[in-house]
2 protein chains.
Amino acid sequence: VEQGSPKLDNLLHPSSIAIIGASADPTSKGYDYLKGIMEFDFGGELYPVNPKGGEILGLKAYPSVKDIPGTIDYVISCIPAQPTIELIEDCAIKGAKVLQLFAAGFSETGEEEGRKLEEELVQKAQKRGIRVIGPNCIGVHYPKGGLAFARAKFSKRSGPVGCLVQSGGHAWTLVSNGSLRGISFSKVISFGNACDLNESDFLECLANDPETEVITAYVEGIKNGPRFINAAKKAAQAKPVIMFKGGRTEAGRRATVSHTGALAGQDLIWDALFHQARVIRVYSLDELIDTVLPFIYFPEIKSPNVGIVGAGGGASVQAADECESKGLLVPPLPPELRHRLKEFTPLVGSSLGNPVDTVEIWNPQHFIRTLELVATWDGIDLLIAHAVIEIAAQWQGQSVLDGIIDALLTTAKGLSKPMAVVLQSFGTPRGLNMLYSIQKRFVQAGIPVYPTVARAANAMSKFIEYHNRSKDD
Amino acid sequence: VEQGSPKLDNLLHPSSIAIIGASADPTSKGYDYLKGIMEFDFGGELYPVNPKGGEILGLKAYPSVKDIPGTIDYVISCIPAQPTIELIEDCAIKGAKVLQLFAAGFSETGEEEGRKLEEELVQKAQKRGIRVIGPNCIGVHYPKGGLAFARAKFSKRSGPVGCLVQSGGHAWTLVSNGSLRGISFSKVISFGNACDLNESDFLECLANDPETEVITAYVEGIKNGPRFINAAKKAAQAKPVIMFKGGRTEAGRRATVSHTGALAGQDLIWDALFHQARVIRVYSLDELIDTVLPFIYFPEIKSPNVGIVGAGGGASVQAADECESKGLLVPPLPPELRHRLKEFTPLVGSSLGNPVDTVEIWNPQHFIRTLELVATWDGIDLLIAHAVIEIAAQWQGQSVLDGIIDALLTTAKGLSKPMAVVLQSFGTPRGLNMLYSIQKRFVQAGIPVYPTVARAANAMSKFIEYHNRSKDD
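Keep in mind it's a predicted model, so treat the numbers as computed, not measured.

Each value, and the rule that gives it
Residues numbered from 1 in each chain as written. Chains lettered and ligands numbered in written order. Predicted model: local features only at pLDDT ≥ 70, side-chain atom pairs only at ≥ 80, totals over all residues. Heavy atoms only, no water. Helix = DSSP H or I, 4+ residues; strand = E, 2+ residues; numbered from the N terminus. Rg over C-alpha atoms; globule rule 2.2 N^0.38 Å. Buried < 20%, exposed > 50% of the residue type's maximum accessible area, 1.4 Å probe, protein only. Salt bridge = Lys/Arg side-chain N within 4 Å of Asp/Glu carboxyl O. pLDDT = per-residue confidence, 0-100. Contact = heavy atoms within 4.5 Å. Buried area = accessible area lost by both parts, 1.4 Å probe. Polar contact = N/O pair within 3.5 Å; in protein donor to acceptor, adjacent residues only side chain to side chain. Pairing = 2+ DSSP bridges. Axes fitted to C-alpha atoms, helices over the stretch in contact; angles between N-to-C directions. Least-squares fit on C-alpha atoms with pLDDT ≥ 70 in both. Parallel < 35°, antiparallel > 145°, perpendicular 65-115°, else oblique. Right-handed = clockwise from strand over helix to strand, strands pointing away. Expected span 1.5 Å × (residues − 1). Phe/Tyr/Trp six-rings, centres within 6.5 Å; stacked < 30°, edge-to-face > 60°. Lys NZ or Arg CZ within 6 Å of the ring centre and 35° of its normal.

J.: Mind showing me how you'd approach the overall build of chain A here?
T.: Helices and strands together make up the secondary structure of chain A, namely 17 helices and 18 strands. On C-alpha atoms alone, chain A measures out to a radius of gyration of 25 Å, which is about the 23 Å that the 2.2 N^0.38 rule sets for 473 residues. If you line up chain A on its principal axes, its C-alpha atoms span 80 × 50 × 35 Å. Burial status across chain A gives 65% buried among its 473 residues.

J.: Would you take a moment to explain the pattern of salt bridges for this structure?
T.: Charged atoms that come close allow side chains of opposite charge to pair. Residues and elements named next belong to chain A. Under the defined criterion, the tally for this structure stands at 44 salt bridges over all chains. A salt bridge links R128 to E89, with the nearest nitrogen and oxygen atoms 2.4 Å apart. Placement of R128 in the loop between helix 4 (112-127) and strand 7 (131-133) and of E89 in helix 3 (residues 81-93) is noted, with a sequence separation of 39 residues between them. On the basis of relative accessible area, R128 is assigned to the partly exposed category, the value being 37%. The closest approach of N and O atoms between R281 and D271, which form a salt bridge, is 3.1 Å. Remark: D271 occurs in helix 9 (residues 267-276) and R281 occurs in strand 13 (residues 280-282); sequence separation between them is ten residues. Judged by its relative accessible area of 32%, D271 is partly exposed. A single network of salt bridges, built from pairs that share partners, joins K144, K187, D209 and E211.

J.: Help me out: how do you make sense of unusual backbone geometry in this one?
T.: The phi angle of most residues is negative, glycine excepted, and most peptide bonds adopt the trans form. For the bond running from N354 of chain A to P355 of chain A, omega is 0°, close enough to zero to count as cis. Along the chain, P355 of chain A turns up in the loop between helix 12 (335-344) and strand 15 (356-357). Phi at A194 of chain B takes a positive value of approximately 55°, unusual for a residue other than glycine. If you trace the backbone, A194 of chain B turns up in the loop between strand 10 (185-190) and helix 6 (199-208).

J.: Just checking my understanding: could you explain the confidence of the model for chain A for this structure?
T.: Close inspection of predicted coordinates is inappropriate in any region flagged by low pLDDT. Per-chain confidence: chain A averages 92 in pLDDT, with 96% of residues scoring 70 or above. Under the prediction, the complex receives an ipTM of 0.93, its pTM being 0.94.

J.: Mind showing me how you'd approach the interface of chain B and chain A here?
T.: One frequently used descriptor of interface size is the decrease in accessible area upon assembly of the parts. Across the boundary between the two partners, chain B contributes 66 residues, which contact 65 residues of chain A. Between chain B and chain A the total buried area reaches about 4900 Å² when both faces are included, carbon and sulfur atoms providing 55% of it. Three residues, D321, W395 and F426 of chain B, lead the burial of chain B against chain A; their summed loss comes to 14% of the area buried on that side. Where chain B touches chain A, the interface holds two salt bridges. Residue K342 of chain A pairs with E111 of chain B through a salt bridge whose shortest N-O separation is 3.4 Å. Summed over the shared surface of chain B and chain A, the number is 21 residue pairs in polar contact (both at pLDDT 80 or more). Within the residue set of the side of chain B that touches chain A, elements represented by two or more residues are helix 5 (168-180), strand 12 (241-245), helix 8 (250-254), helix 10 (285-297), helix 11 (314-325), helix 14 (389-396) and helix 16 (429-444) of chain B.

J.: What exactly am I supposed to notice about the sheet that holds strand 18 (residues 449-450) of chain B here?
T.: Two orientations exist for strands paired in a sheet by backbone hydrogen bonds: parallel and antiparallel. All names here are of chain B. Strand order in the open sheet formed by five strands is 15-14-16-17-18, and the pairing between neighbours is parallel. Edge positions in the sheet fall to strand 15 (356-357) and strand 18, since each has one partner strand and no second. Here two bridges tie strand 17 (residues 419-424) to strand 18, and the two strands are oriented parallel to one another. Paired with V421 across the two strands is V449, which belongs to strand 18. Taken strand by strand, helix 14 contacts strand 16 (382-388) and strand 17, and its axis lies near 65° from that of strand 16.

J.: Can you help me understand the relation of the copies chain B and chain A in this one?
T.: For the pair chain B and chain A, the relating rotation is 180°, the translation along its axis is 0.0 Å, and the fit reaches an RMSD of 0.0 Å. In short, the pair behaves as if placed about a two-fold rotation axis. Within chain B, L432 of chain B has its C-alpha nearest the rotation axis, a separation of 3.5 Å. When the interface residues of chain B are mapped onto chain A, 98% of them again lie at the interface, so the same face is used by both copies.

J.: Looking at this structure, how should I read the sheet that holds strand 8 (residues 140-141) of chain B?
T.: All names here are of chain B. Reading across from one edge, 8-10-9-11-12-13 is the order of the six strands in this open sheet, with mixed pairing throughout. The sheet is open, and its two borders are formed by strand 8 and strand 13 (280-282), each paired with just one other strand. In this structure, strand 9 (residues 158-165) lies alongside strand 11 (residues 214-219), joined through five bridges in parallel fashion. In the strand pairing of strand 11, L164 is matched with A217. In the packing of helix 7 (residues 225-238) onto the sheet, the strands contacted are strand 11 and strand 12, and the crossing angle to strand 12 comes to about 150°.

J.: Which parts of the structure should I look at to understand the packing of helix 14 (residues 389-396) of chain A against helix 16 (residues 429-444) of chain A?
T.: The geometry of a pair of packed helices is captured by two quantities: the angle between their axes and the separation between those axes. Residues and elements named next belong to chain A. Interaxial distance between helix 14 and helix 16 falls to 9 Å at its minimum, and their mutual angle equals 105°. Taken together, helix 14 and helix 16 sit at an angle that is classed as roughly perpendicular. The residues of helix 16 that touch helix 14, namely those facing I389, E390 and A393, are R430, G431, M434, L435 and I438.

J.: Is there a simple way to think about the environment of E86 of chain B in this case?
T.: With respect to the helices and strands, the residue E86 of chain B is situated in helix 3 (residues 81-93). Spatially, the C-alpha atoms of E86 of chain B and D271 of chain B are 42 Å apart, while their sequence positions differ by 185 residues.

J.: Help me understand the pairing of strand 2 (residues 45-49) of chain A in this model?
T.: Successive residues of a regular strand alternate their side chains across the two faces of the sheet. All names here are of chain A. A large share of strand 2 lies buried, amounting to four of its five residues. Bridge count for strand 1 (residues 16-20) against strand 2 is five bridges, and the pairing is parallel. Across the sheet, A18 pairs through a bridge with Y47, a residue of strand 2. At this point the chain moves from strand 1, through helix 2 (residues 29-39), to the parallel strand 2, and the crossover so formed is right-handed.

J.: I tried to follow helix 11 of chain B on my own but got confused; where do I start?
T.: Along an α-helix, residues three or four apart share an orientation, since each turn contains 3.6 residues. Residues and elements named next belong to chain B. Between its terminal C-alpha atoms helix 11 stretches 16 Å, which fits the 16 Å expected from twelve residues at 1.5 Å a residue. Counted residue by residue, helix 11 has eleven buried out of twelve residues, so it is predominantly covered. By the burial criterion, the buried members of helix 11 are G314, A315, S316, V317, Q318, A319, A320, D321, E322, C323 and E324. Just beyond helix 11, the residue with positive phi is G327, at close to 100°.

J.: I would appreciate a short explanation of the side chain of D321 of chain B in the present structure.
T.: For D321 of chain B, the location among the structural elements is in helix 11. Those residues in contact with D321 of chain B that lie beyond four places of it in its chain are K245, G246, G247, R248, T249, G252 and R253 of chain A.

J.: Explain the packing of aromatic side chains here, please?
T.: When we look at a pair of aromatic rings, we describe it by the centre distance and by the angle of the planes. Counting across every chain of the model gives 22 aromatic pairs over all chains. Here the aromatic rings of F228 of chain B and W270 of chain B are separated by 6.5 Å at their centres, their planes lie at 75°, and the arrangement is edge-to-face. In this pair, F228 of chain B is assigned in helix 7 and W270 of chain B in helix 9 (residues 267-276), connecting sequence segments 42 residues apart. W270 of chain B carries the same exposure label as F228 of chain B, and that label is buried. Between F295 of chain B and F463 of chain B the ring centres are 4.8 Å apart and the planes differ by 85°, which places this aromatic pair in the edge-to-face class. Of this pair, F295 of chain B sits in helix 10 while F463 of chain B sits in helix 17 (residues 453-467), placing them 168 residues apart in sequence. Through a chain of ring-to-ring contacts, three or more aromatic side chains come together here, namely F295, F298, F463 and Y466 of chain A. The aromatic ring of Y466 of chain A is capped on one face by R278 of chain A, whose charged end is 4.2 Å from the ring centroid. Above the plane of the ring of Y450 of chain B lies R181 of chain B, whose end atom (NZ or CZ) is 5.3 Å from the centre.

J.: Whenever I open this one, the environment of I37 of chain B confuses me. Can you help?
T.: Residue and element names in this part refer to chain B. With respect to the helices and strands, the residue I37 is situated in helix 2 (residues 29-39). C-alpha of I37 to C-alpha of D381: the two residues are 344 residues apart in sequence and 44 Å apart in space. Excluding residues within four positions of it along the chain, I37 makes contact with I17, I19, F42, L46, I76, G146 and A148.

In structure tokens form, the structure reads like this:
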């Protein structure tokens, strides 16, 4: 039995939070949750609960929920499965609206005992009108609202991307990796077993959330297919929805928290349903992050013509192949443009094609001028600038590479077409560290960075395909 | 007109090398070639040629080729295109067998001038019986024979992998990146425009080369299709041939050095021809490196059943999905094995499936015991051990992660099934540096490491498919 869909606003703006199992032991989960929320400047009352009482991180700790003065809106439980259930009555007495459960050992075990425990949990919570997030989840990352994953030291920066994510590990990876790639989040909601609040609830909530401009999702089991698809359809009418469904093969399905009887063959049906709902489907967390980037950084693009500048030789051939095989087009430069490039570069012949093979023009002024000229050509809709770190640094020299990066950062915003940057490294420590710091500068300038042309092209292609479907398709 | 196929042995074992354009200026190509070959301990006579004469890197420099005493077997030219042609007569007089040309500006420009220059080069060289490698190439990496790419500081270690590679950038990337991944090379031959010695020559040579056990190739244009396919067929009967063909799309083809009139649509024909020839086709340099690894580290595997141990949660679901969608199978563990795992781990339910979700058992003894038990099960043919660096380090603790890596390295060789390791990082500097040093330890122990399960699964799948085709298929 599903309870009605709640307003996310009510649930995620508590005036008070109790943390059950809070502890002064810095290796404990209770410490981490308390510390995380304090570091995110939660504005309401914060009540550590620990049988020993005393003081934790400067706050008075209460031996039990009952001992807390006043009401509690939101309860974060870090204690094991069984005792959690005994909490519910006390939470209800204190007026709790939400119970967020870290504990595993419920239905995700696939065993009778866990299933029964979860049933009992849901029944008791429903009876007392408490909504449950989890169990088997790491909770909510909501920097603006002061909610944090345990142990996270993530950026407090708030942004346009919302996420509902069934796996705690994926939630963690998404925020960590996404931040490095330039994504800031409105809310990331990890919901584990979805025993009460489920993927449809969170999808509806994010669809209506004014702080969320792009919805992303990682889902494994889906409790109510028709409701979910309906929610997805509505959400996708309001904003882009990018979805990664885990368990698309027989073995993947067995590994999910849901363990439903659904067959892997049904994946084709999900494909069709996602397409109908105008949901952008991705197949890994990396691809999800890749695909978000144009949605937050680029204007609408409807044509798939890309101009590629950089790299050289086989890397340029591979770049062209990867773009076209992902559905983009890499049109040859027209004679007048080739002529203009020839005026100031030593480029000849196919180096003046598209990709513009810049092995010969690793010179900041020439590189930028080339990029600007290609950008002004109306035959292309977007740009990819492409460098292999170690080759550029070793063949052209560190100072030339630095000069090009500086020049790119200065001119990028003035280019007449949106640009993505592809930075590749051989994987040497020097290359990786350079890549990290160069990527950081581009990300701070609002320019998406990809590790391969194939991944950039894939994301751009999905972005352009999205804009070519009308909302009523 | 093609000259006959030479014996690689004769060409690549010169007793003397002249370097045209050798220089004491460390930013010049001539310096780099000379230095590279000296560092690779070339055992024969080395003659720097520079109009100024004098001494370069401790060696007497000769104003011209004619001034060199005695004969020259192998000439490396680092001077521009036009004057190179004027060299040929002098080289011939000195008995040169091979002329290796770094210079670009020939037919790869796609312009009349370059085409004519290349024609002239070939005619003159043929007339005097000199074989040409290039132009527009970085030459040969042959650590055992003392031949080196310009400016390379690559490992001197010799190994079983041979490569013919049309792009200098890709040649460089392959040796650099491949070395980090644990690949050592017999010979890597960069051949650029292939004006004389071409892809078919080098393929035939590597097929007959006793130092080469696995052949890899990056080719763009193919001069003589039937001869090449015939060479590929013969080579693949002798040893595995892994081939990456650039220019599979219209735009990719335009970017190649060949600029033939071939249509991108012909890519399907190449697909069929490669399949017939039992050539393993790959689509990027990363995929080429990935695919080499099982061929050099693993025994023959004919069944695609994989046991996955590590990671946890969504990452395990994704791992299972990625394996099965690449054609591997991830069979569920049988009850007796689950029972034995339960005896010493807190794992329950689906965590005991396959993947074995080890979030609960990040403990070196338990992890290794789990891996050993899964390895002994005859339902699987290979293992994947899987960790997300930052999650492991932050959730389980650095010392636990270190302990597991140590234990893995100790036990890996004793496992009854071959194992690949997947190490993922969020991309934080700490994660990347840890990943680099952990990867290094595995590579030194002869265990292949991949950055994603999808890439590991793809390589394994191609490896297994190869072993399921008889040589006469």
